[in-house]
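In case you want the letters, here they are:
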Amino acid sequence: MAHFAKLGVGNIVEQVIVVSNDIATTEQAGLDFINKLYNTRDVWKQTSYNTFGGVHGLNGTPLRKNYAGIGFQYDQTRDAFIPPKPYNSWILNEDTCLWNAPVAYPQDGNRYTWNELTLTWDIVEV
């Protein structure tokens, strides 16, 4: 199945739909079908359900860095879907188009949550 993301104001994803591969034999064929179906000229971009961080999970060709979700922004320059920024301090990784904390997540086996006030990882007490 082919997935398509509808872009609204500011290239923010408003909707993601599925189109049969028999219809969406190319991205343009999928776009034409969607706009004819809805009788619109909306802007849609194809997205891959199997793409995350610029890697295709099934060893295929990654498409637009990340699978689009509602609220994601399509960046035309990067040709990428970028998730909403979770915290003001986080930095966009240009390779993955995902947000990274300014401090690496501890790798000591504990669970942590980000503390935006102190810019540190706080251990989650279980």
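Here is a short report on the structure shown in this document. (Residues numbered from 1 in each chain as written. Predicted model: local features only at pLDDT ≥ 70, side-chain atom pairs only at ≥ 80, totals over all residues. Heavy atoms only, no water.)

Turning to the overall build of the protein, a few remarks are in order. A count of helices and strands for the protein gives one helix and 11 strands. The principal-axis extent of the C-alpha atoms belonging to the protein is close to 50 × 35 × 30 Å. Expressed as a percentage of the 126 residues in the protein, the buried residues total 34%. In the protein, 33% of the contacts between residues at least 6 apart in sequence involve partners at least 24 apart. Total accessible area computed for the protein in this model is approximately 8100 Å², and 52% of it derives from carbon and sulfur atoms. For the protein, the distance from the average position of its 9 positive side-chain charges to the average position of its 13 negative side-chain charges is 8 Å. (Helix = DSSP H or I, 4+ residues; strand = E, 2+ residues; numbered from the N terminus. Buried < 20%, exposed > 50% of the residue type's maximum accessible area, 1.4 Å probe, protein only. Contact = heavy atoms within 4.5 Å. Areas by Shrake-Rupley, 256 points an atom, 1.4 Å probe, with all protein chains shown as cover. Lys, Arg positive; Asp, Glu negative; His and termini not counted. Charge placed at Lys NZ, Arg CZ, Asp CG, Glu CD.)

This paragraph deals with the pattern of salt bridges. Across all of its chains, the model carries six salt bridges by this definition. In this structure, the salt-bridge partner of E27 is R64, at a minimum N-O distance of 3.0 Å. Of the two residues, E27 is situated in helix α1 (residues 27-38) and R64 in the loop between β5 (55-56) and β6 (73-75); the sequence distance between them amounts to 37 residues. Owing to a relative accessible area of 10%, R64 belongs among the buried residues under this scheme. One salt bridge in this structure joins R78 and E94, with 2.8 Å as the shortest N-O distance. With a gap of 16 residues between them, R78 in the loop between β6 and β7 (80-82) and E94 in the loop between β8 (91-93) and β9 (98-100) connect regions that are remote in the sequence. Note on R78: relative accessible area 32%, which makes it partly exposed. Judged by its relative accessible area of 47%, E94 falls in the partly exposed class. Taken together, the salt bridges that share partners define one network made up of K6, E14 and D42. (Salt bridge = Lys/Arg side-chain N within 4 Å of Asp/Glu carboxyl O.)

With that settled, the discussion passes to a nonpolar patch on the surface. Judged by side-chain polarity, I23, F33, L37 and Y38 come together as a nonpolar surface patch covering roughly 350 Å² of accessible area. Among the structural elements, Y38 can be located in helix α1. On the basis of relative accessible area, Y38 is assigned to the partly exposed category, the value being 39%. (Patch = residues over 30% accessible without salt bridge, like charges linked within 9 Å, V, L, I, M, F, W, Y side chains within 5 Å.)

Another aspect to go through is the nonpolar core. Grouped together as the largest cluster of nonpolar side chains are eight residues: A2, F4, I17, V19, A24, L31, I34 and W44. Of all elements in the fold, only β1 (2-7), β2 (13-19) and α1 reach the threshold of two or more residues within this core. Membership of the second largest hydrophobic core comes to seven residues, among which are L7, V13, Y74 and F81. (Core = buried A, V, L, I, M, F, W, Y, C linked by side-chain atoms within 4.5 Å.)

These figures come from the coordinates and say nothing about function on their own.
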